[in-house]
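# Reading the structure
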Amino acid sequence: MAKAKEQARRQRIRRAVILLSLLLFPVTMNYLSPYVIIDGASQGIINGSFLVFVLLFLSSLFLGRLWCSWVCPAAGLQEICFAVNDKSARGGKLNWIKWGIWILWIAIIALVVISAGGYRAINLLHLTDSGISVDRPEAYFIYYTVVVVFLVLAWTAGRRAGCHYICWMAPFMIFGRKIRNVFKWPSLRLKADADKCIDCKRCTRNCPMSLDVNAMVRASAMENSECILCGNCVDGCPENVITYSFSAGR
Ligand code: SF4
Ligand code: SF4
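Everything numeric here is computed off the predicted structure, so don't read it as measured data. (Residues numbered from 1 in each chain as written. Chains lettered and ligands numbered in written order. Predicted model: local features only at pLDDT ≥ 70, side-chain atom pairs only at ≥ 80, totals over all residues. Heavy atoms only, no water.)

## A short note on the packing of aromatic side chains
This model, assessed by the stated rule, comprises 14 aromatic pairs. For the ring pair Phe57 and Phe175, a centre distance of 6.3 Å and an interplane angle of 40° mean the geometry is tilted. Highlighted residues: Phe57 in helix H4 (residues 48-63) and Phe175 in helix H10 (residues 170-183), separated in sequence by 118 residues. Assessed through its relative accessible area of 22%, Phe57 is described here as partly exposed. The class for Phe175 is partly exposed, based on a relative accessible area of 42%. Where Trp99 meets Trp102, the ring centres are 5.6 Å apart and the plane angle is 75°; that geometry is what we call edge-to-face. Within this pair, Trp99 and its partner Trp102 are both found in helix H7 (residues 97-115), separated by 3 residues, close to a single helical turn. Its relative accessible area of 17% is what places Trp99 among the buried residues. (Phe/Tyr/Trp six-rings, centres within 6.5 Å; stacked < 30°, edge-to-face > 60°. Helix = DSSP H or I, 4+ residues; strand = E, 2+ residues; numbered from the N terminus. Buried < 20%, exposed > 50% of the residue type's maximum accessible area, 1.4 Å probe, protein only.)

Next up, the structure:
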C-alpha cells in the first residue's frame, strides 16, 4: 500500500514538473529551437539550443529519453491533451517521419555552417538578448505556431503524437540509446519479471507512448526506442512486474 502511494506520488510529481516546464516555455523556447541553431550556424555561432541538443544526446547515453517524460515542455502540453483525445498514436512506420525531418535539418545546419566557414564563437543568448525567448510580438507568432502544431497532432493523431512523428529532439536521444546499447553501457532502463505478469494489460493502457508494454514484458524485451521512461507502467502495475534498473541490460 505504501509502495502504491509512493508510485502514485511519483507520477503526480512528474506531471507537475512537465506542466511547470510548459508554463516556462515562453522563456525556454529559443533554447530548444530548431531554427535558432540554423541562424547561429549561418554566422558561425554556437547558440543555446546547440548546447541543449548536445546535452540531450550525452544524457541519453545514461538516462535514455528521461528528458521526454520529465522535462520537455511539449510533454506537459501533450499530456494535458489526453483529456481531449486519449487514443493511442499509430506509431509504427509513421515514427520514421521524425527521422526524415531530423536528417534534413541536420544537413541544413551542416551546409550552413560550412558556408559560414565553421563555428568561431559561442553566444548562448543568440537571438535571445534578454534571456527570455518570447520577448517581442513576432516571437508570439513562433510560440503559438509550435504550440498549435503539437496541439493539433495530439487532438487528431493521439497520445503524444508529436513525440512520435515530428520531434526534432527525439532522434538525438534515440541515437544515444543505440550507441549505449551497442557498447552495453550501464544506464537507466526498464526491467520486467514476466513470470509475475497476470496479463491485465494495465501497463499497455497507461503507456503515454502507446507501446504494447504487456507484449514487451512477455517477450522480455523492455528496450524500445519510443519508450520515454515515464514510469507509468512501473507505477501502475498491480503485481510490480516492471521496475526501473540502472544496468547494462541484455
Ligand atoms: S500491468 Fe503488470 S501485470 Fe498487468 S499486464 Fe502489465 S506487466 Fe502484466
Ligand atoms: S513503456 Fe512504460 S516507461 Fe516506457 S513510455 Fe510506456 S509507460 Fe512509460
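After presenting the structure, the write-up continues.
## Focus on the pattern of salt bridges
A complete count under the given rule lists 11 salt bridges for this structure. Among the ionic pairs, Arg159 bridges to Asp86, the shortest N-O distance being 3.0 Å. One end of the pair, Arg159, is in the loop between helix H8 (137-157) and helix H9 (161-165); the other, Asp86, is in the loop between helix H6 (73-80) and H7, with 73 residues separating them in the sequence. A salt bridge links Glu223 to Arg180; the shortest N-O distance between them is 2.9 Å. Separated by 43 residues along the polypeptide, Glu223 in the loop between helix H12 (213-218) and helix H13 (232-236) and Arg180 in helix H10 bring together distant segments of the chain. Put simply, Arg14, Glu79 and Arg160 are held in one network by salt bridges that share partners. (Salt bridge = Lys/Arg side-chain N within 4 Å of Asp/Glu carboxyl O.)

## Things to note about the environment of Glu6
As for its position among the elements, Glu6 is in helix H1 (residues 2-23). Given the relative accessible area of 56%, Glu6 is considered exposed. Note: C-alpha distance between Glu6 and Asp235 (229 residues apart in sequence) is 8.6 Å.

## Re H4
An ideal rise of 1.5 Å per residue puts 22 Å on 16 residues; H4 measures up with 21 Å between its terminal C-alpha atoms. Restricting attention to buried positions, one finds in H4 the residues Gly48, Ser49, Val52, Phe53, Leu56, Ser60 and Leu61. Contact partners of the buried residues in H4: helix H3 (36-42), helix H5 (66-70), H7, H10 and strand E3 (187-192). (Expected span 1.5 Å × (residues − 1). Contact = heavy atoms within 4.5 Å.)

## Some details on the side chain of Arg65
In this fold, Arg65 is placed in the loop between H4 and H5. Beyond its immediate stretch of four places on either side in the chain, Arg65 contacts Cys163, Ala170, Met173, Ile174, Arg177, Met209, Ser225, Glu226, Cys227, Ile228 and Leu229.

## What about the site of ligand 1?
Taken together, 13 residues lie around ligand 1, and Cys197, Cys200, Lys201, Cys203 and Cys237 are the ones closest in. Secondary-structure elements contributing two or more residues to the shell around ligand 1 are helix H11 (202-206) and H12. Grouping the constituent residues of the shell around ligand 1 by class yields 9 nonpolar, 1 polar and 3 charged. (Near = heavy atom within 4 Å. Nonpolar A, V, L, I, M, F, W, Y, C, P; charged D, E, K, R; others polar.)

## Digging into a nonpolar patch on the surface
Taken together, Leu51, Val54, Leu55, Leu58, Ile122 and Leu124 make up a surface patch of nonpolar side chains, about 520 Å² in accessible area. Ranked by residues supplied to the nonpolar patch, first place goes to H4 with 4 residues. Its place among the elements puts Ile122 in strand E2 (residues 121-122). (Patch = residues over 30% accessible without salt bridge, like charges linked within 9 Å, V, L, I, M, F, W, Y side chains within 5 Å. Areas by Shrake-Rupley, 256 points an atom, 1.4 Å probe, with all protein chains shown as cover.)

## Here we look at the site of ligand 2
What surrounds ligand 2 is the set Leu190, Cys207, Pro208, Met209, Val213, Cys227, Ile228, Leu229, Cys230, Gly231, Asn232 and Cys233. Residue composition of the shell around ligand 2, by class: 10 nonpolar, 2 polar and no charged.

## Thoughts on the nonpolar core
In terms of nonpolar packing, the biggest core is built from 65 residues, with Trp105, Met169, Val213 and Ile242 touching the most fellow members. It is H8 that contributes the most residues to this core, 7 residues altogether. Ignoring any residue separated from it by four or fewer positions in sequence, one finds Ile242 in contact with Leu190, Lys191, Ala192, Cys203, Val213, Val217, Met222, Cys233 and Val234. (Core = buried A, V, L, I, M, F, W, Y, C linked by side-chain atoms within 4.5 Å.)

## As for the layout of surface pockets
The probe, sized like a water molecule, is rolled over the atoms to show the empty space still left. Size it by volume and the largest pocket reaches roughly 450 Å³. Those elements that provide at least two residues to the lining of the largest pocket are H6 and H8. With 7 residues, the top contributor of residues to the lining of the largest pocket is H8. The residue makeup of the lining of the largest pocket, split by class, is 21 nonpolar, 4 polar and 1 charged. (1 Å grid on protein atoms, 1.4 Å probe; cavity = no way out; pocket = protein on both sides within 12 Å on 5 of 7 lines; lining within 4 Å. Points joined across faces, edges and corners; volume = space filled by probe spheres on them.)

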